[in-house]
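# Chain and residue survey
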Amino acid sequence: MDRPSAAASVPLERLRALCLALPEATERVSHGEPAWFVRRSPQFVSLSDHHHDDRVGFWAAAPAGAQQNWVERDPNRFFVPPYVGGRGWVGVYLDVEQDWDDIADIVEDAYRAVAPKSLIARLES
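Think of each chain on its own: its residues are numbered from 1, step by step along the sequence as written. Predicted model: local features are reported for residues with pLDDT of at least 70 only, side-chain atom pairs are reported and counted for 80 or more only, and whole-chain, interface and lining totals are derived from all residues. Side-chain numbers come from the whole structure's heavy atoms, not from hydrogens or water.

The protein is annotated in an unreviewed UniProt entry as MmcQ/YjbR family DNA-binding protein from Antrihabitans spumae.

Have a look at this one:
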């Protein structure tokens, strides 16, 4: 994996902390970028550091309707990512000012979208 760009370094550390705080979340490289998984699989978040365009952001699994809600709310901060957007994933730009409470909600929702019920129960306890 290439080193994260300077623009991605600080947001990456914040994103990493949010993801790895979740029960049994793991990190590994997927498609050349840091990505986070529930145990070994499935994936719930992936960094996108100039991977498909000139932007820094991440893609996250999302519950039904969430992608459209976020993108309609603020298309300058949220987008439909390539490849996984058709499955409802939401893209989040990290090269613009963001509300990290929103990002924490998106990350937790991504985790909940793919995690088994036993791990979701650990979040709620």
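## A few points about unusual backbone geometry
Heads up, the rule is: Helix numbers and strand numbers start at the N terminus; a helix is a DSSP run of H or I with at least 4 residues, a strand a run of E with at least 2. When accessible area is computed with a 1.4 Å probe and restricted to protein chains, residues below 20% of their type maximum are described as buried, those above 50% as exposed, and intermediate ones as partly exposed.
In this chain, Ser-41 is followed by Pro-42 through a cis amide linkage whose omega measures 10 degrees. With a phi close to 60 degrees, Glu-24 is a non-glycine residue in the positive phi region. You can see Glu-24 is positioned in the loop between α1 (6-20) and β1 (25-30). On the basis of relative accessibility, which here comes to 36%, the residue Glu-24 falls in the partly exposed class. Positive phi values are uncommon outside glycine, yet Arg-39 reaches one of about 60 degrees. Secondary-structure assignment places Arg-39 in the loop between β2 (33-38) and β3 (43-49). A relative accessible area of 36% means that Arg-39 is categorised as partly exposed.

## A word on the sheet that holds β2
The criterion, for reference: We treat two strands as partners when DSSP finds at least two bridges between them. Whether two residues are in contact is decided by their heavy atoms: any pair within 4.5 Å suffices. To define axes, lines are fitted to C-alpha atoms, for helices over the stretch in contact only, and angles between the resulting N-to-C directions are given on a 0 to 180 degree scale.
Taking strand neighbours across the sheet as the criterion, the 6 strands line up as β1-β2-β3-β4-β6-β5 in an open arrangement whose pairing is antiparallel. Across the chains shown, the open sheet's two edge strands, defined by having one partner strand only, are β1 and β5 (78-79). The strands touched by helix α3 (residues 100-114) within the sheet are β2, β3, β4 (56-60), β5 and β6 (90-93), with β3 carrying the most contacts at an inclination of about 135 degrees.

## Remarks on the pairing of β6
Alternating residues of β6 divide into Val-90 and Val-92 and Gly-91 and Tyr-93, and every residue in both groups is buried. Pairing geometry for β4 and β6, over 4 bridges, is antiparallel. Of the residues in β6, the one forming a bridge with Ala-60 is Val-90. Here 2 bridges tie β5 to β6, and the two strands are oriented antiparallel to one another. The residue of β6 that forms the bridge with Phe-78 is Val-92.

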